[in-house]
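Spelled out, the chains give:
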Amino acid sequence: MSVLRPFRATDMFKFNHINLDLWTETYAINFYLGYFSRWPDMCAVQETPQGRIMGYVIGKAEGAGPERHGHVTALSVAPEYRRLGLARKFMSWLEQVSDENYRGYFVDLYVRCVNTDAIKMYESFGYSVYRRVKEYYSNLGLGLNPRDEEDGFDMRKPLSRDPMRRSVRANGRDITVSAHEVP
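Below, the structure is looked at part by part.

Criteria and cut-off values
- Residues numbered from 1 in each chain as written.
- Predicted model: local features only at pLDDT ≥ 70, side-chain atom pairs only at ≥ 80, totals over all residues.
- Heavy atoms only, no water.
- Phe/Tyr/Trp six-rings, centres within 6.5 Å; stacked < 30°, edge-to-face > 60°.
- Buried < 20%, exposed > 50% of the residue type's maximum accessible area, 1.4 Å probe, protein only.
- Lys NZ or Arg CZ within 6 Å of the ring centre and 35° of its normal.
- Helix = DSSP H or I, 4+ residues; strand = E, 2+ residues; numbered from the N terminus.
- Arc of directions from axis to C-beta.
- Contact = heavy atoms within 4.5 Å.

Some points on the packing of aromatic side chains
Counted under the stated rule, the structure contains 12 aromatic pairs. The interplanar angle of 75° and the centroid separation of 5.8 Å between the aromatic rings of phenylalanine 7 and phenylalanine 15 together place this pair among those described as edge-to-face. Taking relative accessible area as the criterion, phenylalanine 7 reaches 7% and is therefore assigned buried. Overall, phenylalanine 15 belongs to the buried group, its relative accessible area being 4%. Considering the side-chain rings of tyrosine 122 and phenylalanine 125, the 6.3 Å spacing of their centres and the 80° angle between planes classify their relative orientation as edge-to-face. In this structure, tyrosine 122 and phenylalanine 125 share a single accessibility class: buried. Among the aromatic residues, ring-to-ring pairing joins Phe7, Phe15, Phe31, Tyr32, Tyr35, Phe36, Trp39 and Tyr56 into one connected group. Of note, arginine 156 hangs over the ring of tyrosine 130, and the distance from its end group to the ring centre comes to 3.5 Å.

Re helix H4 (residues 116-124)
Residues Ala118, Ile119 and Tyr122 constitute the buried set of H4. All buried residues of H4 lie within an arc of 100° about the axis, which places them on one face of the element. Exposed and facing more than 90 degrees away from the buried side of H4 are Asp117 and Lys120. Looking at the buried residues of H4, the elements they touch are strand S4 (69-77), helix H3 (86-100), strand S5 (106-112) and strand S7 (152-158). Glycine 126 occupies a position one or two residues after H4 and carries a positive phi of about 100°.

Here it is, written out as structure tokens:
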């Protein structure tokens, strides 16, 4: 049985096996420490009984009024622990914290447009594409359409404060904005 627990600064020395994944964005230590100090209740790990980290989520709260929301900065599960429901557990947990602790209207995240497995997974969790952000990511060099490799989808899921679903739109894949237009 694994345990979901708050992320500790020392966990940064134990999650390299997760961050080696091609799709995982890796940040500098001061970036992670900034999140842990400002939004400690939005950062968690799942670990085995032996203490091996299986995955993690790092989030933050941002915006004001109807734009108040939780943001998933990073979600990653080690390859050997995928398809066990850990990502769903992380996302449900972060949605609950965003809703109850920060009174957010929605949760959003960014995902590479070519990461179709992740997009399908997030859609199965109730997220939808809000807009396409041009050149949000640096190119992975996979040899596919370079535009898609650099663009990201802004995906959102409304929370209980948004019963009219004003934070989402049906035609999000048709809306394109520049990365400079995204706060």
